[in-house]
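# Structural description and commentary
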Amino acid sequence: MERRAFFKLAGLSAAVLAVSGTLGACEAGKLPDNPLTANNEANETAGQSSVMGQPAISFGADVDVLIVGSGVSGLSAAIDPLEAKRSVMIVDKLDLLGGESFDSNGVMRIAGTDAQQQAGVKTTVDEAWDVRKKELSSGGDENLDFAKLLFSTATDWANRLASDYGAQFADPKTYTQNGVNASVMLPKNGLGDMQSIMMPLRDGLTNKGATFSTGHRAVAFILNESGAPCGMRFCAEASTSVLDVRARRIVIATGGFASSQPLVHANTPDRERVGCYTVSSMGEGQQLCSLLGGQLVDMDKIAPLTSNLPQATAWGLFGPTVIVDALGHRFAREDDVNAAANACYTEERGYWWTVFGKQLTESSQSRSIAEVTSKNAKRLIGPFDTLDELAAGMGISADVLNDTFDRYDGFTKAGKDDDFGRTMFLEELEGPYYALKQVPQRYKTRGGVKTDQTGRVLSVVGAALPNVYCCGSVAAFSVGGLASNGAFGMLVGQAVAASLDDEDKAASDAESENAAS
């Protein structure tokens, strides 16, 4: 008979997890001396918790699959277990579902989907991967085999979301031309409209039987008598109550650690003085998995920066823009969503202006332009009919701005950007002119929990920990953004469903053998 005394908690208290830099101070891949007891001693007295001051373990829910985090990777991980008729519970510390995926710019790197083919976009996954591979490699990503798997899987992920869950994507015809953006998908209403993807997926999962709990932060794994994870303890954000959930499989999809100043300080101190766009990526998943014995790798890799207005960083993918610094000098390519923020910070330029005109305001992303500029009117300059007027509004030298545009216009005529290598929408701007002021901010981190290609958490000796999976930005080898994270979640969901089937079959076979004997 199962007794409460058999259960232990492996983790930290909610208060410590929220502010601690303990694990971030460890070298990547190194653990405390005893990850299961470094922060708590087991108490074997019946009915007692293994953490002093914590209530005894009492399960309030019992499911096949527990998913921690409701971003795009977490929700995607629920698809296959639910379709296999497994019970699935998704828990998020925020009051609203969707995590920080809901607030992203919505650019998804995908090729070969049904929607793209129907729109006449013939670029294949292999053709698109050749380009994407170079981009990821130049950004320092080394596990390109796994990145290719995620990129290839993203096609099936997008097709399933559209056909089975009613996710709404924009018509690729509206933003794809002459091969430009042939491997990009956007939500129905363009940049920033992630509700067109996330809400149908959430509702579809609900209809298939998923249960959700919000406002609960994961604080510890619950271990059974053999030391294997069999559940998770959550603390309510708005009270001191706890929720214990028993689960046969646990999927950690809690995101990166960009919002955690202690972890950023410990792992990427060169970024600790940058403001942060995200507010919830606190690194709880990385810390909990490390305490369980999981290996953390590559958390010291330099993470890319973005603008404090992330949608605006993607405008250069859909129309001509010119990026200039506080003095009016062009300093980065406009068709790379991270280039301006990275250069602005590393070169100590303070802030930058994105200059745009008629082509962008009348482009497929006019909704994004209107939304961002209306919400940030104090950062917007314009409209102006001439560059001299624009320069005066920006408070910079008209001569400098005109020289900058003369040089840029020369590149557009030559069809080659000799300064920064821009290739997309290398076109002269047409007035009226506007300029939007932006500053660099953190929004993501790299590295995290080491997993195999099915998302199983690996220990420091490379063995898979029982019952625990990771996907999305909490995992070390997740690269490529929204679509790759969604694909990663789906792959993990498939692996979890298959492992439960195998476990049930083995149990059934053993039962049959015992009956026969």
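Residues numbered from 1 in each chain as written. Predicted model: local features only at pLDDT ≥ 70, side-chain atom pairs only at ≥ 80, totals over all residues. Heavy atoms only, no water.

## Some details on the UniProt feature "domain: FAD-dependent oxidoreductase 2 FAD-binding" (unreviewed entry) in the protein chain
This chain's UniProt record puts "domain: FAD-dependent oxidoreductase 2 FAD-binding" (unreviewed entry) on residues 64-485. For residues 64-485, the helix share is 32%, the strand share is 21%, and the end-to-end C-alpha distance is 22 Å. (UniProt positions renumbered as here; feature names shortened; annotations may be inferred. Helix = DSSP H or I, 4+ residues; strand = E, 2+ residues; numbered from the N terminus.)

## Here we look at the sheet that holds strand 10 (residues 275-276)
Reading across from one edge, 10-17-12 is the order of the three strands in this open sheet, with mixed pairing throughout. The open sheet has two edge strands, strand 10 and strand 12 (305-307), and neither has a second partner. As paired elements, strand 10 and strand 17 (residues 440-442) share two bridges and run parallel to each other. Across the sheet, Gly-275 pairs through a bridge with Gln-441, a residue of strand 17. This element, helix 11 (residues 339-346), spans strand 12 and strand 17 of the sheet and lies at about 105° to strand 12. (Pairing = 2+ DSSP bridges. Contact = heavy atoms within 4.5 Å. Axes fitted to C-alpha atoms, helices over the stretch in contact; angles between N-to-C directions.)

## Comments concerning the sheet that holds strand 16 (residues 433-438)
The strand order across the open sheet built from four strands is 13-14-16-15, with neighbouring strands paired in antiparallel fashion. Edge positions in the sheet fall to strand 13 (321-325) and strand 15 (380-384), since each has one partner strand and no second. Direction aside, the axes of adjacent strands within the sheet are offset by 20° on average. Bridge count for strand 15 against strand 16 is three bridges, and the pairing is antiparallel. Pairing of Leu-380 across the sheet is with Leu-436, part of strand 16. Relative to the sheet, helix 14 (residues 387-394) contacts strand 13, strand 14 (352-356), strand 15 and strand 16, its axis offset from that of strand 15 by approximately 160°.

## What to know about unusual backbone geometry
Backbone torsion omega between Gly-382 and Pro-383 reads 10°, so that peptide bond is classified as cis. In this structure, Pro-383 sits in strand 15. Cis geometry is found at the peptide bond from Gly-431 to Pro-432, where omega equals 5°. Relative to the assigned elements, Pro-432 resides in the loop between helix 15 (398-414) and strand 16. At Asn-181, a position not held by glycine, the phi torsion is positive, near 60°. Within the secondary structure, Asn-181 sits in the loop between helix 6 (144-165) and strand 5 (184-185). Although it is not a glycine, Asp-298 adopts a positive phi angle of roughly 60°. Within the secondary structure, Asp-298 is located in the loop between strand 11 (296-297) and strand 12. Accessibility expressed as a relative area gives 25% for Asp-298, which makes it partly exposed. (Buried < 20%, exposed > 50% of the residue type's maximum accessible area, 1.4 Å probe, protein only.)

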